[in-house]
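# Fold and geometry: a report
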Amino acid sequence: MPYKKFEEYNIRITDEVKERYKNIIEGLGEDVTRDGLLKTPERAAKAMQFLTQGYHQDPVEILKSAMFKESYDEMVIVKDIELYSLCEHHMLPFFGKVHIAYIPNGNIVGLSKLPRVVDVFARRLQVQERLNEQILDCINNTLKPQGVAVVIEASHMCMMMRGVQKQNSITTTSGFRGQFEKIETRNEFLKLIGK
Ligand SMILES: [Zn+2]
C-alpha cells in the first residue's frame, strides 16, 4: 500500500471521556443501551479528541519547519481558508473562512503552513476574537514580517440553533500588524479579498 492514513487515540482518555458521555446522554433522558446509541459515547469521545487536538500541536514549529530566505517583499495573500472551531461557551461549532496576508521581511513561509496554523488554533475551545489574535501574533512573532493581517468571517451554531436563532448573521473579526496598520495597505488587502 503506497499510502495509508491512520488515526490513533489515547486509550485511557478515550475510556474516561466515553464514560462521561454516557452520563451526559443519560442525564439528557436518553437510553444509552439502545442500538443506535451503543457506540455513541466512544465515537463522541474520539470526535472531541480530534476537534481539540490543537492543544498538543505547536504552531511555531509548523511555521519554522518551512521558512525560506527570499527577497520577495510584496503582499502574500492566502484567502478563503476553511475554518471549523468550537465556541468555548457552548461547545458548539463555529465555522467560516480565514483570510491571511503578510508582507515578507527576508523570509517567506510555505503556503500550506498558514492553513495548518489556522487548524492548530481552531482545534481548541475558542472565541473568534482570540482565535484571530492568536493566528495574527503567531505569524507576526515567528515570521517577523513587515506586516500581517488576519480576517475571520464565521457563523456560530450557538447563535443559529439556539438563543437568538439568527440563521444568516456572520461575525467578522480582524487584526492588523506592522504595514497593515497603514490605511492604504489595509485597504489594498481588503479589496483583494473582496471586502
Ligand atoms: Zn457559543
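A short tour of the structure in this document, coming up. Every value quoted in this text rests on a predicted model; they were computed, and no experiment measured them.

Empty space left among the atoms is revealed by rolling a probe the size of a water molecule over them. The space that makes up the largest pocket amounts to roughly 470 Å³. Among the secondary structure elements, those contributing two or more residues to the lining of the largest pocket are helix H2 (40-51) and helix H4 (113-122). The dominant element in the lining of the largest pocket, judged by the number of residues it contributes, is H4, at 3 residues. Classifying every residue of the lining of the largest pocket by side-chain character gives 7 nonpolar, 6 polar and 6 charged.

With respect to the helices and strands, proline 115 occurs in helix H4. Through-space distance from the C-alpha of proline 115 to that of glycine 29 is 40 Å; in sequence the pair is 86 residues apart.

One finds Leu83, Ile100 and Ile135 to be the most contacted residues of the largest nonpolar core, which totals 29 residues. Listed by contribution, the elements that provide at least two residues to this core are helix H3 (59-64), strand E2 (76-87), strand E3 (93-103), H4, helix H5 (128-143) and strand E6 (147-156). With residues up to four places along the chain from it excluded, the contact list for leucine 83 reads Phe94, Phe95, Gly96, Lys97, Val98, Val118, Ala122, Leu131, Ile152 and Ala154. Counting residues in hydrophobic clusters, the runner-up holds 9 residues, among them Ile103, Phe176, Phe180 and Ile193.

Judged from the 9 bridges that link them, E2 and E3 form a sheet pairing that is antiparallel. Within E3, the position partnered with glutamate 82 by the bridge is lysine 97. In this antiparallel pair of consecutive strands, E2 and E3, the connection spans 5 residues, and methionine 91 shows a positive phi of 55°. Across 2 bridges, the pairing between E2 and strand E5 (residues 125-126) is parallel. Across the sheet, residue cysteine 87 finds its bridge partner in E5, namely glutamine 126.

Taken together, the protein donors to the zinc ion comprise Cys87 (SG), His90 (ND1) and Cys158 (SG), at separations of 2.1 to 2.3 Å. When the donors of the zinc ion are listed by position in the chain, the intervening gaps give C-x2-H-x67-C.

In this section: helix H1 (residues 11-27). Owing to its 3.6 residues per turn, the α-helix aligns residues three or four sequence positions apart on the same side. Between its first and last C-alpha, H1 extends 24 Å over 17 residues, near the 24 Å set by a 1.5 Å rise per residue. In this structure, the buried residues of H1 make contact with H2. The opening residue of H1 is asparagine 10, an N-cap whose side-chain oxygen sits 2.9 Å from the backbone nitrogen of arginine 12. Positive backbone phi, at 95°, marks glycine 29, one or two positions downstream of H1.

Cut-offs used in this document
- Numbering of residues starts from 1 in every chain and runs along the sequence as written.
- Confidence filtering applies because this is a predicted model: local features only for residues at pLDDT of at least 70, side-chain atom pairs given and counted only at 80 or more, and all residues used for totals across whole chains, interfaces and linings.
- Note that water and hydrogens are dropped before the side-chain values are worked out from all heavy atoms of the structure.
- Computed over the protein atoms alone on a 1 Å grid, cavities are sets of points where a 1.4 Å probe fits but cannot get out and pockets are open sets with protein on both sides within 12 Å along at least five of seven lines; a residue lines them when it has an atom within 4 Å of a point.
- Grid points are joined across faces, edges and corners, and a volume is the space filled by probe spheres set on the points.
- Going along the chain from the N terminus, every DSSP run of H or I of four or more residues is numbered as a helix, and every run of E of two or more is numbered as a strand.
- Following the grouping adopted for this structure description, the nonpolar residues are Ala, Val, Leu, Ile, Met, Phe, Trp, Tyr, Cys and Pro, the charged ones are Asp, Glu, Lys and Arg, and the polar ones are all others, Gly among them.
- By nonpolar core is meant a set of buried Ala, Val, Leu, Ile, Met, Phe, Trp, Tyr and Cys residues that side-chain atoms within 4.5 Å join together.
- When a residue's accessible area, from a 1.4 Å probe over protein chains only, is under 20% of the maximum for its type it is buried; when over 50% it is exposed; and in between it is partly exposed.
- Whether two residues touch is decided by their heavy atoms; if any such pair falls within 4.5 Å, the residues are in contact.
- Strand pairing is assigned whenever DSSP detects at least two bridges linking the two strands.
- Metal-coordinating donors are taken as N, O and S atoms lying within 2.8 Å of the metal, or within 3.2 Å when the metal is Na, K or Ca; because water is left out, some sites can appear incomplete.
- A helix is expected to span 1.5 Å for every residue after the first.
- A 3.5 Å cut-off defines polar contacts: any pair of N or O atoms within that distance qualifies, except that in protein one atom must be a possible hydrogen donor and the other a possible acceptor, and neighbouring residues in sequence count only when both atoms are side-chain atoms.

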